[in-house]
Amino acid sequence: AQTVTQSQPEMSVQEAETVTLSCTYDTSESDYYLFWYKQPPSRQMILVIRQEAYKQQNATENRFSVNFQKAAKSFSLKISDSQLGDAAMYFCAYRSGGGATNKLIFGTGTLLAVQP
Amino acid sequence: NAGVTQTPKFQVLKTGQSMTLQCAQDMNHEYMSWYRQDPGMGLRLIHYSVGAGITDQGEVPNGYNVSRSTTEDFPLRLLSAAPSQTSVYFCASALMGASTDTQYFGPGTRLTVL
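Going along each chain's sequence as written, the residues are numbered from 1 onward. Chains and ligands are labelled sequentially in the order written, the chains with letters from A and the ligands with numbers from 1. Local features in a predicted model are, by the rule used here, given only for residues with pLDDT of at least 70; side-chain atom pairs are given and counted only at 80 or more, and totals for whole chains, interfaces and linings are based on all residues. For side-chain calculations, the full set of non-hydrogen atoms in the structure is used, while hydrogens and water are omitted.

Caption draft 1: Broad picture of the pairing of strand β3 (residues 19-25) of chain B. Residues and elements named next belong to chain B. Exposed residues in this analysis have more than 50% of their type's maximum accessible area, buried residues have under 20%, and partly exposed residues fall in between, with area computed by a 1.4 Å probe over protein chains only. Per the convention used, a helix needs a DSSP run of H or I reaching at least four residues, while a strand needs a run of E reaching at least two, with both numbered from the N terminus. Of the two faces of β3, the one holding M19, L21, C23 and Q25 is buried and the one holding T20, Q22 and A24 is not buried anywhere. Here strand β1 (residues 4-7) runs beside β3; their pairing, made up of four bridges, is antiparallel. Counterpart to V4 in the pairing with β3 is Q25. In this sheet, strand β8 (residues 76-78) lies alongside β3 in antiparallel orientation, the contact comprising three bridges. Directly across from M19, in β8, lies its bridge partner L78. Two strands are counted as paired when DSSP detects at least two bridges linking them.

So this is what it looks like as structure tokens:
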């Protein structure tokens, strides 16, 4: 069975600085997708970024980028130029490829605080 | 286009009561699912459906029932609520297929069972 581990329950960053959130996963599959979701205090789950396992290039979305290390089964999220609005719970998630279902397996989350 | 909607937003039940959490989407998504979120445990899959008339169990299905009579609706039923079911519940939907796998989440329902 696949598992997702986020070893940092809480992180803090100064406004305008860069922070990296860690995520590791365990799988025997070769075809899968990885995601980072943001959950602000409103509780809404917002997709931040996704990575296809077959792509070697790291995904980037504006100030958000990932460091995808397939062999090490690591998928960290880097937030550059942190803003107060980035304060939220961040979840790493895994989804098998193959298209049979869209089941997501989530990590336990990292609560990010942004200090002004 | 309302996306994924959930009702109610908040609910308090007494042990043994039953209720249905409603979920609807207007994006014609084949895939719908229910997750529960508990502190320190992330989101865990309860039940999911890959189309009308098709449902299956997720990681934590006990105490919950689902049905999928239409593409749009995917209600979650608690037949006899227990304090262990106190949680925040999220419904999500997505198109099937590897190239369009973004899941859209509803706003959540906070359920308290006394």
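Caption draft 2: Geometry of the state of the cysteines. Cysteine sulfur pairs qualify as disulfides if the two atoms are within 2.5 Å. Taken as a whole and assessed by the stated rule, the structure comprises two disulfides over all chains. Here C23 of chain A is linked by a disulfide to C92 of chain A, with a sulfur-sulfur distance of 2.0 Å. The disulfide joining C23 of chain A to C92 of chain A has a torsion of about -70° about its S-S bond and is therefore left-handed. Remark: C92 of chain A occurs in strand β10 (residues 88-96) and C23 of chain A occurs in the loop between β3 (19-21) and β4 (24-26); sequence separation between them is 69 residues. Judged by relative accessible area, which is 0%, C92 of chain A ranks as buried. With a sulfur-sulfur separation of 1.8 Å, C23 of chain B is cross-linked through a disulfide to C91 of chain B. Torsion about the S-S bond of the C23 of chain B and C91 of chain B cystine: about -70°, corresponding to left-handed handedness. In this pair, C23 of chain B sits in strand β3 while C91 of chain B sits in strand β9 (residues 87-94), placing the two residues 68 residues apart along the sequence. Comparing C23 of chain B with C91 of chain B shows no difference in burial state: the two are buried.

Caption draft 3: Expanded view of the interface of chain A and chain B. Residues are treated as being in contact if the distance between any of their heavy atoms lies within 4.5 Å. If you look at the interface, chain A gives 20 residues, while chain B gives 29 residues. As a working definition, buried area equals the accessible area (1.4 Å probe) given up by two parts on being put together, with both sides summed. In total, about 2,000 Å² of surface goes out of reach between chain A and chain B, with carbon and sulfur atoms giving 50% of it. Sorting the residues of chain A by area buried against chain B places R43, N102 and K103 of chain A first, and these three jointly supply 32% of that buried surface. Side-chain atoms alone can form a polar contact between residues adjacent in sequence; in general such a contact is a pair of N or O atoms within 3.5 Å, and within protein one must be able to donate a hydrogen while the other accepts it. The tally of links from chain A across to chain B stands at six residue pairs in polar contact (both at pLDDT 80 or more).

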